[in-house]
Amino acid sequence: MTYKSITRYAILTLVLAVSSTACKQEWLEVKPQGELTTGNFFQEEDHAVWATNAVYSMLRDWNVHAFNYVGMTDIASDDADKGSLINDAIFLADLDNFTLDAGHQSPASIWNGYYQSIYRANVAIENIPNIPEMNETLRQRLIGECKFLRAYYYFNLVRWFGDIPLITRALQPDEYYTQTRTPAAQVYQQIILDLTEAAAVLPLKSQYAPGDLGRASQGAAKGILAKVYLTLGDFANAETAALEVINSGQYALYPNFAKIFQREGEHSSESVFEVSCVALETGGGGSQYNQIQGVRGTPNLGWGFNQPTTSLRSAFETGDPRRNATILEVGETLPDGSAIVLDNPDMLNESYNQKAWVPEHVGFQENSPGNIRLLRYADVLLIAAEALNENGKSQDALVYLNMVRARAKGNSTNPNLLPPVTVTDKDQLRQRIWNERRAELALEQHRWFDLVRQGRAAAVMQAHGKTNFMAGKHELFPIPQSEVDLSGGLLTQNPFYE
Amino acid sequence: MIKGITLRTVAALWLILAAWTLQAQVTIKGKVTDDAHEPLIGVNILVKNSTAGSVSELDGTFELTVPNPYVTLVFSYIGYSTQEVALKGQTTIDVTLSEGSQLLNEVVVVGYGTQRKSDVTGSVASVKSEDIQKIATSSVTQALQGKVAGVQVTASSGRPGDGAVVRVRGVGTFNGTAPIYVVDGVILDNMDFLNPSDIESIEVLKDASAAAIYGTRGANGVIMVTTKKGRQSDKTHFSFNSYVGQQRVAQKIDLVNARDYAQLSNEAAMNTGTPKPFADPDALGEGTDWQDVIFRDAMIQNYNLSANGGNDKILFNLSADVFRQEGIVRSSYFNRYSFRANNEYRLTKDVKVGHNLMYQFTDNNNEPGGILFTAYTADPTVVARDSAGNFGNTSNRSNVSNPAAQLEYNEYNRGYAQQLIGNVFGEVYILRNFTFRSTFNFSMGNSRGKSFTPEFFVNDKQFNPESILSVSLNRSRDWQWENTLTYTKAWDLHRVTVLGGVTSQARDFENWGGSRRRLVGDAEEFYYLNAGDIETQTNFNGASQEKYYSYLFRLNYAFKDRYLLTASFRRDGSSKFGSERRFGNFMSVAAAWRVIEESFMRNQDFFSNLKLRLSWGVLGNDKIPYTAAIPTVTSNLNAVFGTTEDLLFGATPTRLANSFLQWEESKTTDIGIDIGVLNNRLTLEVDRYIRKTFEILLPVPIPDYVGSEGDPYVNAANLENRGWELTINWRDRLGKVAYHIGGIGSYNKNEVLSLGTGNEAIIAGGVSGGGFSTRSEVGIPIGSFYGYEVEGIYQNQADLDNFPKRGDEKPGDLRFADTNGDGVISTDDRVFIGNALPDYIYGFNAGLEFAGLDLSVDFNGVYGNELYNAKKMDRFFGVTNFETSFLDRWNGENTSNTEPRVTNGGYPNYAVSERFIEDGSFLRLRSVMLGYTLPESLTGKIKMERLRIYFSATNPLTWSTYSGYSPEVTSESAIDNGIDRGIYPVAKVFTFGIQAGF
């Protein structure tokens, strides 16, 4: 045998090895370990439920309903200051004082959290219709829930940022950088469409099984819709939607105002939409909503942000029991009677949002169990009142306004305490309704949006001493600078933030 | 499947063997040995002026068929002088080959084989064992610092057991910039498990030609480690090496004392319109130095015993090693116990098998999480403990924990690991010119982690309401099966080596863990989940898997020993890519010309070596997560529903994937010259390279409105590194003094060539306050710092009126440059303000030996880079402690034009700007060593071969203006580089050691 033939054999051998391609392809096929992929997801009914639950889970997210959420609502408004130690999370003071620029982290974190939520909703809305076999009623309901949630997320975004990219399906790679800002009016159209479609398929609150308590109901969709119309100044539709909620027979004011915000008031008769939170030993079901606003230091070990202002204190009518139920002062006994709030020498004007207070619970403080009440029946009644007044039906408006006042008064027989409002002058009544909204809904993150909606943010802020507030600028928050940068200029900035 | 392929290969080879028949004419037999009478294997034996030849066997014997017994045989062997022997009628002949010129015939390890240094066409640098052992560390990568031109080793952590970040020829990619490590043929991501004293040599394959045989994995360079092998010897050689030493923090950070802290806090309060917290700062004095609370002088020790020897059947090298190191931060330590067995068994004259096995177990404790940051930030006016033993409350004015209390309550963070790394191989010599080698490489490991925190309460910011235990277990398994066939032949003026092979690799990783709270006791015997309340249990378990399949081929050809050619090809498949784009082809060619061998160089004696090298090649990189191409569904996105508040399962895709991902490619061109003059007293190697990386895999930031959790990987960018490398050494004697002096230096320039389709800049380097400090843009170096240029400080209202501003600045605030000249300061005025990539990396060393004494010094350094002092910027947690640079603050007109008034965050003083940029250049005296080797006359009496004692100092001196613990700050990610968010400081180490051979 010669070298040549040996070489030939060697080469042949290698060629043989190299040419066995079938084996290597199979060998190199590695599946994700312990994870479903989009290839085998959305195949069965369970997947539809899971994908919908994942949209709800964002409601407890830090970037959706915690630090920056409270910062860009209550702390920005005249209801609350930053709170906590002077220097703790000093960036929130930029929201309080309107010294933020486009690079500020709060709008960026809100933007991030809300768009992630919207992405989850979009994925569910796109894919649930294609699941081969599932209960049709359930299919429609889940799609409705996701549309409701998408509308909710967009509603907050459009109120904070104005024109925003309107994305209603998962984007393809070539669309990542091409989005532009959709005019707010169009975003509102989509919100209205989603809420209307949701309301058409969602069950009434009472029609849900006990195990589904907390899911979006028809009443929730119509209630938010009423608020959307009110925000747009479409009082006719606001009136209709609010009255539909009122006349649905699903809701009633909870007799004890203070207790709404405690354990017993969770998902009470007054609850139109609220986010369920639970402190489990193993975690995973809580939020940080209560922790960030909790009493700083012992005995409650919260962070002490969202500190009520003097302006808020004086916004309550004399003797209004809601003031005590809203503001937790130093020296006051905690709602569960467990301790007295001690003075923290390192905090100025120390006081707390009592509505966000929760008693001691299992797990750590970030495991907060307090439900986040997003839409209460009292809010719907006041929306109805405001719309009716604008529509020239002041007598009807007074009915709903006085329902709220009567409940606040509770069992008191004092005729001077929160007497029924009788004024029917449109402008005066409007002012009374606005005042009522502030007192009733204080520190529930509605005030800021109300002020902007009512077109008086600049006046109120300046009167409150927030002299940095610039009319025409600060009604909106800046589009996050990183988003503008990444879009290569396709995303424009809000006025005066450039 | 894979087994089938390789079995076929083996079967075919055996067939070839069986078919072999000898065409006998005259058979010459004999044995080749070296000067020490050890047999030489694989010596090329050639009938002069013919193509007939043979190769010596494992025991040095050979058989050769020649036409008549009067021919001349030529014996040649790597590293030895070629010898011609005329047979003169003999049929049995023994030949002794002498080692050739030490330098030129040095053997270097290249992928899947060895080569004479003189035959190397690529850029390969070698580091010897002695050089690695000079540094007192557990980490071989740290010991490599300053040893190889073009290799930047940054030891950015002094934590016991930690390694270093290694970069070969700049930063060639965005994320995983680390080279691969090939230890005795085993491809690994790390080599810090090795004992420095087990290492024979380290070779760094820098250019594409040298690294191309590692194809997909070699794009960031290849570091090859060869551990010590057994040598045939009459007696077994034992050696015992040991050192003990003390470590101390090399450099503390200059922080203000209690009095100055109070003063600065008062000014900060005044500047924000809040009440002064301290009535009388002067009364406070020095206060607590929190760094002193957490640092300590710490012990380091190492003991190594090895045995080396062998006969014509078995060669062995066995070693056992104990390494124990306390950390300079209290409570941290790292202990390692390892064993190695590198054995070779010659089963027959054609077959040998062997193994290189390393088993080790380690245990360590990490310092309390974040304690370096709390020591940096804690309020110095507070005592660690008061006279009653209670911990001081450091969280009054910030959220900072008391470091002393952390040491008390958060100190239990144990890790335990064991690893088995190595290979088993068999080699068969076939038909004299062929070697078939099958190697099974593996790296198996498992590690456990356990941390316990008792219930405690220091204050309302530092407490733990319930004791908690967390445990975790990781298992990793990596095996590679490599089958290669090598053909070696020399005839006339030609020498050829051809290598072909098939390899497969699978890696998988799995982890488990859980936690429980409310343990039945706080003592260590209760640190098991069963001791906790089952109501509180959590658990996790996940895994990952990757696989590779590759074909490799290499040709080495030498003509007249002076014209050298290397060509290699590797085809790699990786499971990380979709089936369409799974395979990549990587090739290289290189040529070298040994000018010194030419006839026109014969009549000069100035040059003793002169070689020109030229190479080009393509390498790959696949450092992405194993599911980057597959969109997965995230589980446990749960929601709470129902009257009983149940947590209901949720899942949905949250992360975008990119199924179009493919290999990243890097193309390197290298031209080099090797010069030796004055009989190689002076040697010089110079390389010029251009390395371009294409289709770089990186998670490209996409707008948040897309809604993805994290950015998907994209083959997005192109990068270029151009540079020079220089290695120079002078080695001579002056009378009885032998001395050497040498240096390495390299220059590298990095430039981003393109970024994705739209060339969107990549923003990264997140810093406190939500800002980003780096920006990668076309035309500038990757990961450059980007922010405002500081022009000065607004001294007064007039300055505010006259200079451009944003609008809300006050006197005493930083005044930024209006770079676009539009009259106002806005984000559009941000510019590039620095870069963390050094222009020059260098090292130099000198040594001398005289009458048994030896002295050596090693320096290394970098020049031309900046660091971003992000820790100074981080004042998120309240009024934390201040660096002394704050004392230069503005507190009235013309008091400072660089350091602004004291504020605690916000624009402009805490925007990303030049204020936080510092010079990163440094020069470090890496080691000084003074040793004494006892004369043989003395050691011989006590039956010892060698006895050396030494003192050494590691990191005794550093010249740097940087204000942190160490100017060595880096990260594996090129877009998050040089940002100091707080590091574990490096130590100076002083050791006493002994090396004994018997």
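Right, let's get into the overall build of chain A. Each helix and strand counted, chain A has 20 helices and six strands in total. Per-residue burial for chain A yields a buried fraction of 56% across its 498 residues. For chain A, restricting intrachain contacts to residue pairs at least 6 apart in sequence, the fraction spanning at least 24 positions comes to 69%.

All names here are of chain A. Under the domain assignment used here, chain A contains domain 1 (42–198 + 467–493), domain 2 (203–275 + 374–454) and domain 3 (277–306 + 316–370). In this complex, domain 1 contributes 26 residues to the contact, which on the side of domain 2 involves 19 residues. Among the secondary structure elements, those contributing two or more residues to the side of domain 1 that touches domain 2 are helix 5 (67–75), helix 8 (136–161) and helix 9 (184–201). In terms of residues, the side of domain 1 that touches domain 2 owes the most to one element, helix 8, which gives eight residues. Residues of the side of domain 1 that touches domain 2, tallied by class, amount to 15 nonpolar, four polar and seven charged.

Turning our attention to the sheet that holds strand 4 (residues 61–66) of chain B. All names here are of chain B. Taking strand neighbours across the sheet as the criterion, the three strands line up as 4-1-7 in an open arrangement whose pairing is mixed. On the outer flanks of this sheet lie strand 4 and strand 7 (92–97), each paired with one strand and no other. Each strand axis lies, on average, 30° off the axis of its neighbour in the sheet, ignoring direction. The pairing of strand 1 (residues 26–34) with strand 7 spans six bridges and is parallel. Across the sheet, the residue bridging to Lys31 is Asp94, located in strand 7.

Residue and element names in this part refer to chain B. Inspection of the secondary structure puts Phe373 in helix 7 (residues 371–377). Under the C-beta neighbour-count criterion, Phe373 is labelled partly exposed, with 18 such atoms within 10 Å. A C-alpha to C-alpha distance of 9.1 Å links Phe373 and Pro403, two positions 30 residues apart in sequence.

Right, let's get into helix 11 (residues 235–247) of chain A. Side chains of residues three or four places apart in an α-helix project in the same direction, reflecting 3.6 residues per turn. All names here are of chain A. For helix 11, spanning 13 residues, the distance from its first C-alpha to its last is 18 Å, which sits close to the expected 18 Å at 1.5 Å a residue. What helix 11 keeps buried is the set Phe235, Ala238, Glu239, Ala241, Ala242, Val245 and Ile246. Tucked inside the fold, the buried residues of helix 11 contact helix 10 (218–232), strand 2 (271–275) and helix 15 (377–390). Downstream of helix 11 by a residue or two, Gly249 has a phi angle that is positive, lying close to 75°.

This part takes up the sheet that holds strand 14 (residues 186–188) of chain B. All names here are of chain B. Spatial strand order, 10-15-16-13-14: five strands in an open sheet with mixed pairing. A single partner strand is all that each edge strand has here, and the edge strands are strand 10 (124–128) and strand 14. Averaged over all pairs of adjacent strands, the angle between strand axes in this sheet comes to 20°, irrespective of strand direction. Pairing between strand 13 (residues 180–183) and strand 16 (residues 222–227): four bridges, direction parallel. When the sheet's bridge partners are listed, Val183 is paired in strand 16 with Val225.

Conventions we followed
Residues numbered from 1 in each chain as written. Chains lettered and ligands numbered in written order. Predicted model: local features only at pLDDT ≥ 70, side-chain atom pairs only at ≥ 80, totals over all residues. Helix = DSSP H or I, 4+ residues; strand = E, 2+ residues; numbered from the N terminus. Buried ≥ 20, exposed ≤ 12 C-beta atoms within 10 Å, placed from the backbone. Contact = placed C-beta atoms within 7 Å. Domains from an automatic or database assignment. Nonpolar A, V, L, I, M, F, W, Y, C, P; charged D, E, K, R; others polar. Pairing = 2+ DSSP bridges. Axes fitted to C-alpha atoms, helices over the stretch in contact; angles between N-to-C directions. Expected span 1.5 Å × (residues − 1).

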